[in-house]
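If you want the building blocks of each chain, they are given just below.
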Amino acid sequence: MSTIVYENVGVTYESNGHQAIKNLNLTINSGEIISFIGPSGCGKSTALNVAAGLIEPSLGAFKVDDEIITKPGTDRGVVFQNYSLFPWMSNLENVRFALAQKADLPKKALIERAKELLDKVGIKGKSQHVYPSKVSGGMQQRVAIARMFALDSPIFLMDEPFAAVDEITRKHLQQLLLDLWEKEKSRKTIVLVTHNIEEAIYLSDRVIVLHEGEAILAKEITFKRPRNRQSLEADTEYLTIRNQLLEAIEGKV
Ligand code: ADP
Ligand code: MG
């Protein structure tokens, strides 16, 4: 059980006095997938960093299961916009290290499991054994996703996790995330930041549109799961939702 609550959350950056989040009130139920969407600079990363415990709200409170959160914790796995792998560990070591936090397994088993996870996200062979800086941004992003899977926290926080990968890989990784989420009895609570409307609708139970730090629309996405991309995109309801979100993002509501 991991229910997330933003309670009157406001964030003002002290360095420039900029109010990046204004009075955000949002409850994310345990096992729900939500997306924050909106143009660059609307406060998506700030909202996610509050959840990660990296930014303390200037006003209000952020809670997980009624507990006020002010720092990072292993209950929340994160994929940041800038990858944030340990640069002194190989890709494989990064994932193995995460696994070791959770699983009490012999080293050999941890390595096998880490390799499996990296294979799943498409990081194979030699790329597993080099430092993150030796592979492309898109590949680092995939390693970060494998590491989040390895940590297996009840909450996943993902900031534009598929932004640096090509379209085919993006769809594959979305599917991997959904498969993992759908097969679990105790489903993960997932907060995703994206600026891709199709991705937000396909993955989410609710899409929250942020505009200059304010949540201006919370759209429920009720298509039954598992969803099928093709039939979804041909659905008139889908097109209506898509347009509504687009208008909100463009500031027309
Ligand atoms: P998004 O992720 O939607 O692009 P951010 O949350 O990164 O938006 O930023 C929201 C606003 O806060 C932007 O105007 C940005 O310039 C500002 N901002 C972000 N981080 C900082 C910071 N560390 N110090 C000052 N201003 C910041
Ligand atoms: Mg951002």
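Quick notes on the rules
- Residues numbered from 1 in each chain as written.
- Chains lettered and ligands numbered in written order.
- Predicted model: local features only at pLDDT ≥ 70, side-chain atom pairs only at ≥ 80, totals over all residues.
- Heavy atoms only, no water.
- UniProt positions renumbered as here; feature names shortened; annotations may be inferred.
- Pairing = 2+ DSSP bridges.
- Helix = DSSP H or I, 4+ residues; strand = E, 2+ residues; numbered from the N terminus.
- Axes fitted to C-alpha atoms, helices over the stretch in contact; angles between N-to-C directions.
- Contact = heavy atoms within 4.5 Å.
- Buried < 20%, exposed > 50% of the residue type's maximum accessible area, 1.4 Å probe, protein only.
- Near = heavy atom within 4 Å.
- Polar contact = N/O pair within 3.5 Å; in protein donor to acceptor, adjacent residues only side chain to side chain.
- Areas by Shrake-Rupley, 256 points an atom, 1.4 Å probe, with all protein chains shown as cover.
- Nonpolar A, V, L, I, M, F, W, Y, C, P; charged D, E, K, R; others polar.
- Phe/Tyr/Trp six-rings, centres within 6.5 Å; stacked < 30°, edge-to-face > 60°.
- Lys NZ or Arg CZ within 6 Å of the ring centre and 35° of its normal.

Per an unreviewed UniProt entry, the recorded name for the protein chain is ABC transporter ATP-binding protein, and the organism is Aquibacillus rhizosphaerae. Turning to the protein chain, the UniProt annotation filed under Subcellular location (unreviewed entry) states: "Cell membrane".

(A) Local environment of the sheet that holds strand 3 (residues 33–37). Read from one edge to the other, the open sheet built from six strands follows the order 6-7-8-3-9-10, with strand pairing classed as mixed. Every other strand in the sheet has two partners, leaving strand 6 (76–79) and strand 10 (214–220) as the edge strands with one partner each. Adjacent strand axes in the sheet meet at a mean angle of 15° when their direction is disregarded. Pairing of strand 9 (residues 206–211) with strand 10, which is carried by six bridges, proceeds in the antiparallel orientation. The residue of strand 10 that forms the bridge with Ile208 is Ala218. Along the sheet, helix 5 (residues 167–183) makes contact with strand 3, strand 7 (155–159) and strand 8 (189–193), crossing strand 7 at roughly 165°. Of the strands in this sheet, strand 3, strand 9 and strand 10 touch helix 8 (residues 236–249), which is tilted by about 180° from strand 10.

(B) Highlighting the sheet that holds strand 5 (residues 67–68). Ordered by their spatial adjacency, four strands build an open sheet running 2-1-4-5, and the pairing between neighbours is antiparallel. One side of each edge strand has no neighbouring strand; the edge strands of this open sheet are strand 2 (18–28) and strand 5. Relative to strand 2, strand 1 (residues 4–13) is paired through seven bridges, and the arrangement is antiparallel. From the neighbouring strand, Val11 faces strand 2, where its bridge partner is Ile21. Contacts from helix 1 (residues 44–52) reach strand 1, strand 2 and strand 4 (59–64), with the element oriented near 120° to strand 1.

(C) Highlighting helix 1. A large share of helix 1 lies buried, amounting to eight of its nine residues. For helix 1, the complete set of buried residues consists of Lys44, Thr46, Ala47, Leu48, Asn49, Val50, Ala51 and Ala52. Downstream of helix 1 by a residue or two, Gly53 has a phi angle that is positive, lying close to 85°.

(D) Here's a closer look at the site of ligand 1. If you check the shell around ligand 1, you find 13 residues, and the closest are Gly41, Gly43, Lys44, Ser45 and Thr46. In the environment of ligand 1, an oxygen atom lies 2.9 Å from a nitrogen or oxygen atom belonging to the side chain of Lys44. A distance of 2.9 Å separates an oxygen atom of ligand 1 from a polar side-chain atom of Ser45. Its free accessible area being 550 Å², ligand 1 has 65% of it covered by the protein chains. When residues of the shell around ligand 1 are assigned to their parent elements, the largest contribution, three residues, is made by helix 1. In the shell around ligand 1, the residues fall into four nonpolar, eight polar and one charged.

(E) Local environment of unusual backbone geometry. The amide bond that connects Arg225 to the next residue, Pro226, takes the cis arrangement and shows omega of -5°. Looking at the secondary structure, you find Pro226 in the loop between strand 10 and helix 7 (229–234). Here the phi dihedral of Asn23 falls at roughly 45°; this positive angle occurs in a residue that is not glycine. Within the secondary structure layout, Asn23 lies in strand 2. Overall, Asn23 belongs to the exposed group, its relative accessible area being 52%. In the Ramachandran plot, Asp66 falls in the positive-phi region, its phi being about 70° despite a non-glycine side chain. Tracing the backbone shows Asp66 in the loop between strand 4 and strand 5. Asp66 gets classed as exposed once you look at its relative accessible area, which sits at 71%.

(F) Local environment of the packing of aromatic side chains. In total, this model carries six aromatic pairs according to the counting rule given. Ring geometry for Phe149 and Phe156: centres 6.0 Å apart, planes at 35°, overall tilted. Ring centres 6.5 Å apart and planes at 45° place the aromatic pair Phe223 and Tyr238 in the tilted group. In this pair, Phe223 sits in the loop between strand 10 and helix 7 while Tyr238 sits in helix 8, placing the two residues 15 residues apart along the sequence. For the pair shown, Phe223 and Tyr238 are each scored as buried. By the ring-pair criterion, three or more aromatic residues cluster together here, those being Tyr6, Phe36 and Phe62. When the ring centre of Trp181 is taken as reference, the NZ or CZ atom of Arg187 above it lies at 4.2 Å.

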